[in-house]
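# Fold and geometry: a report
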Amino acid sequence: MRIVVLAGGIGGARFLRGLKAAVPEAEITVVGNTGDDIHLFGLKVCPDLDTVMYTLGGGINEEQGWGRREESWSIREEMAAYGVEPTWFGLGDRDYATHIVRTQMLGAGYPLSAVTEALCARWQPGVRLVPMSDDRVETHVVIDDPDKPGTRKAIHFQEYWVRLRAAPTAHAIVPVGIETAKPAPGVLEAIAEADLILFPPSNPVVSIGTILGVPGIREALVAAEAPVIGLSPIVGGAPVRGMADRVLEAVGVETSAAAVAQHYGPGLLDGWLVDTADADTVLAVEAAGIPCRAIPLLMTDVEATAEMARAALALADEVR
């Protein structure tokens, strides 16, 4: 079975671990979000790609869900001693090595997709991990400018998410560079050849939504013969993790399992899974033209996540 998964960071990575346990024989291609990418201290940092790579390769900090396990912070402390900004984004010593290798390879002319493949050769994640695009795309968030009352400014998504903890109202989400970005090599082919396409419980706006914004990817998904099945990142009217409600508000979408399904749309989704806490939304989702089922959607451990994956496969079989 050939499965394509559109994935963000922590939620996508943990879902993939369960998916691999559920169908260990499957050939899985992961299209990773690169809108969260940022340049720090002269280095190219790809948080979502690295989270997937570390999680599936056994190097993730399980408690945090991001960064390396058994990490040390000597470089960060030295950078702070020099007064170098930003101090709000933590890169550990082990993590720095990944970004140095990536930046060197990019500087030598390799595209991000080739660099990602080279990095995965070390970690052996058991999936084919490809960025959504080799082109530079960076998500920015428009907020009120606290220094100029009555005006607004755009800041990098990482500053909004990490430094400001998504506290300011987000007036717009702007993926800079996406209009001219092209899908990375192999992305469209994987979608066309897939037997199943999955949207894990990743952020529908700044993770999966950004991937869908790359010209050609949404169109390929709509045209694909494989069913597209999504799992809600909203449980009981709130994000399972993170602050997805803040960016949903920015694009005018209610924070509910049904509203996210309708945001993706029946032209894209062939099936939608909601948590049992949101079972009362099943009829509304189906009224919108999307087959829907309610199952437990909390990824408490690998087996619980594998059950979610099995439910997605079962729903796909129903709608074929």
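The structure we're discussing is the one just above.
Nothing here was measured: the structure is a model prediction, and the numbers come from that model.

### Things to note about the overall build of the protein chain
When you go through the protein chain residue by residue, the secondary structure sums to 13 helices and 14 strands. Compactness check: the protein chain gives a C-alpha radius of gyration of 19 Å against a globular reference of 20 Å for 320 residues, within 12% of the reference. Projected onto its principal axes, the C-alpha coordinates of the protein chain cover approximately 60 × 50 × 35 Å. For the protein chain, the proportion of its 320 residues judged to be buried stands at 54%. Considering only contacts in the protein chain between residues 6 or more positions apart, those separated by 24 or more positions represent 69%. Summed over all atoms, the accessible surface of the protein chain reaches about 13500 Å², with 52% contributed by carbon and sulfur. Taking the average place of the 25 positive charges on the side chains of the protein chain and the average place of its 42 negative ones, the gap between the two points comes to 4 Å.

### Describing the packing of helix H4 (residues 93-107) against helix H5 (residues 112-123)
Where H4 contacts H5, the two axes come as close as 10 Å, and the packing angle between them is 140°. Taken together, the axes of H4 and H5 lie oblique to each other. The interaxial crossing formed by H4 with H5 has right-handed handedness. Counted together, Thr98, Val101, Arg102, Met105 and Leu106 of H4 and Leu112, Val115, Ala118 and Leu119 of H5 form the full contact between these two elements. Looking at side-chain class alone, the contact of H4 with H5 contains seven nonpolar, one polar and one charged residues.

### A word on the pairing of strand S9 (residues 196-199)
Where burial is concerned, the two faces of S9 agree: the one with Leu196 and Leu198 and the one with Ile197 and Phe199 are both buried. Looking at chain direction, strand S1 (residues 2-7) and S9 are connected through three bridges and run parallel. Among the inter-strand pairings, Val4 is bridged to a residue of S9, identified as Ile197.

### A closer look at the packing of helix H2 (residues 47-57) against H4
Two elements in contact, H2 and H4, have axes whose closest approach is 12 Å; the angle formed by their N-to-C orientations is 125°. Judged by the angle between their axes, H2 and H4 are oblique. Both H2 and H4 take part in a crossing whose hand is right-handed. Judged by residue contacts, Asp50, Met53 and Tyr54 of H2 engage Asp95, Thr98, His99 and Arg102 from H4. For the contact of H2 with H4, the per-class residue count stands at two nonpolar, two polar and three charged.

### So, unusual backbone geometry
Note the cis peptide between Glu85 and Pro86, where omega equals 0°. Relative to the elements of secondary structure, Pro86 occurs in the loop between helix H3 (74-81) and H4. Phi at Gln124 takes a positive value of approximately 50°, unusual for a residue other than glycine. Within the secondary structure, Gln124 is located in the loop between H5 and strand S5 (128-131). When its relative accessible area of 58% is taken as the criterion, Gln124 is described as exposed. Residues other than glycine seldom take positive phi values, yet Arg165 does so here, at roughly 55°. Its place among the elements puts Arg165 in the loop between helix H6 (157-163) and strand S8 (172-176). For Arg165, a relative accessible area of 54% gives the class exposed.

Analysis parameters
Per-chain numbering applies: the sequence of each chain, read as written, is numbered from 1 onward. Only residues with pLDDT of at least 70 are given local features in this predicted model, and only at 80 or more are side-chain atom pairs given and counted; all residues enter the totals for whole chains, interfaces and linings. By convention in this description, side-chain values take in all heavy atoms of the structure and omit both hydrogens and water. Secondary structure is summarised from DSSP: a helix means a run of H or I of at least four residues, a strand means a run of E of at least two, and numbering begins at the N terminus for each. Using C-alpha atoms as the atom set, the radius of gyration is obtained and then compared with a globule rule of 2.2 Å times the number of residues to the power 0.38. Exposure classes here rest on a 1.4 Å probe applied to the protein chains alone. A residue is buried below 20% of its type maximum, exposed above 50%, and partly exposed in between. Residues count as neighbours in contact if any of their non-hydrogen atoms are within 4.5 Å of one another. Using a 1.4 Å probe, the Shrake-Rupley method yields the accessible areas, and only the shown protein chains count as cover for residues. We count Lys and Arg on the positive side and Asp and Glu on the negative side, and we leave His and both chain ends out. Working definition for charges: the position is that of NZ of Lys, CZ of Arg, CG of Asp or CD of Glu. For helices, the axis comes from a line fit to the C-alpha atoms of the stretch in contact; other axes are also lines fit to C-alpha atoms, and the angle between any two N-to-C directions lies between 0 and 180 degrees. Under this scheme an angle from 65 to 115 degrees is roughly perpendicular, one under 35 degrees roughly parallel, and one over 145 degrees roughly antiparallel; angles in between are oblique. By definition, any crossing whose near helix is turned counterclockwise from its far helix by less than a right angle is left-handed, and any crossing with a clockwise turn is right-handed. As a working rule, the residues Ala, Val, Leu, Ile, Met, Phe, Trp, Tyr, Cys and Pro are called nonpolar, Asp, Glu, Lys and Arg charged, and the rest polar, with Gly in that last group. Any two strands with at least two DSSP-identified bridges between them are counted as paired.

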